[in-house]
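What the coordinates show
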Amino acid sequence: MSDRIKVLPQYLLPKRALTEFAGRVAGAKGGASTTRLIQWFVKKYGVNMDEALDPDVHSYASFNEFFTRPLRDGVRPLADADFICPVDGAISQFGEVKDHQIFQAKGHNFTTAALVGGDDTLAAHFQHGSFANLYLSPKDYHRIHMPCDGTLTRMIYVPGALFSVNPTTARGIPGLFARNERVVCVFDSKEHGPFVMVLVGATIVGSMETVWHGVVNPPRARDVREWTYPAGEVALRKGEEMGRFLLGSTVVMLFQPGVISFNPEWGPQRSIRLGEAMGVKPAA
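The following paragraphs examine the structure supplied in this document. Note that the structure is a prediction, hence the values are computed from the model and not measured.

This part takes up the pairing of strand 18 (residues 277-280). Where a strand is regular, its side chains alternate between the two sheet faces. Looking at chain direction, strand 1 (residues 83-84) and strand 18 are connected through two bridges and run antiparallel. The residue bridging F83 from the neighbouring strand is G279, located in strand 18. Here strand 16 (residues 261-262) pairs with strand 18 via two bridges, running antiparallel. Among the inter-strand pairings, F262 is bridged to a residue of strand 18, identified as G279.

Written out as structure tokens, the structure reads:
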């Protein structure tokens, strides 16, 4: 069965209603019921609780507290590299932005302008630059960290669909990451220039948060919303947390031309861990 056929039911599912229901369940403090849900989830997805700061599943008052659990110090050391991997997960795709197009999967591309909410001026910075699409599965650690030092300049909420973002869906739905709800975070780096981190929502992703704003969604607005930040107000160091997902999703990053040469060990579908080397700045 082709991937396009496999994803057809997603067009019919009440994705927003499912996501809102999942958000209420995940945020509920249900005592023993919450603990049973967490125990089921850990067993089903093989979550490694030994890495958690608090490995006791009974200690989490809500599923959201469990899902966004912090890690123990030292379990994700930062590589000595110009750019580190910002998440645990798997590589969906990465490479060069060609003619404003980002490669999603065989037969599917989407434009940088569509990804960032239609801002052609912002998108133009990344023509012939580099991109990386990184998928976080349910079992993964779901906090997102900085790949390099950066100062926040803008945040843009872009309303959209709530398709799943798993590998099958990425192969089956055109323009997936530029169709789904997303939060576009625009940073500037003294060493590397402007770069973008896009947090892509999905079915059952109850909300997305950033460390400077808190919960961005819900509420789910119908129109694009934007926030701007004075220089230096939000400055984050490489490896610092910048946001988190409540349930799994995808991060898309954009860099200008000549800024990053990706780790030669990277390849599509490869598992990745926060802190490993993502790339280096090419020699002048």
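So much for the structure itself; the text now carries on.
Once that is clear, we can look at the sheet that holds strand 10 (residues 207-210). Remark on secondary structure: sheet strands pair via backbone hydrogen bonds, oriented parallel or antiparallel. Pairing is antiparallel in the open sheet, where four strands are placed in the order 6-14-10-11. Two strands bound the open sheet, and with one partner strand each, they are strand 6 (143-145) and strand 11 (214-217). Going from strand to strand, the sheet's axes swing by 25° on average, the running direction of each strand aside. Bridging between strand 10 and strand 11 involves three bridges; their strand directions are antiparallel.

What follows is about helix 4 (residues 32-45). Spanning 14 residues, helix 4 covers 20 Å between terminal C-alpha atoms, matching the ideal 20 Å at 1.5 Å per step. Restricting attention to buried positions, one finds in helix 4 the residues T34, T35, I38, F41 and V42. Down the axis of helix 4, the smallest arc covering the buried residues is 125°, so these residues share one side. Pointing more than 90 degrees away from the buried face of helix 4 are the exposed residues R36, K43 and K44. Where helix 4 is buried, its residues touch helix 5 (63-67). Downstream of helix 4 by a residue or two, G46 has a phi angle that is positive, lying close to 65°.

The rules behind these values
Residues numbered from 1 in each chain as written. Predicted model: local features only at pLDDT ≥ 70, side-chain atom pairs only at ≥ 80, totals over all residues. Heavy atoms only, no water. Pairing = 2+ DSSP bridges. Helix = DSSP H or I, 4+ residues; strand = E, 2+ residues; numbered from the N terminus. Axes fitted to C-alpha atoms, helices over the stretch in contact; angles between N-to-C directions. Expected span 1.5 Å × (residues − 1). Buried < 20%, exposed > 50% of the residue type's maximum accessible area, 1.4 Å probe, protein only. Arc of directions from axis to C-beta. Contact = heavy atoms within 4.5 Å.

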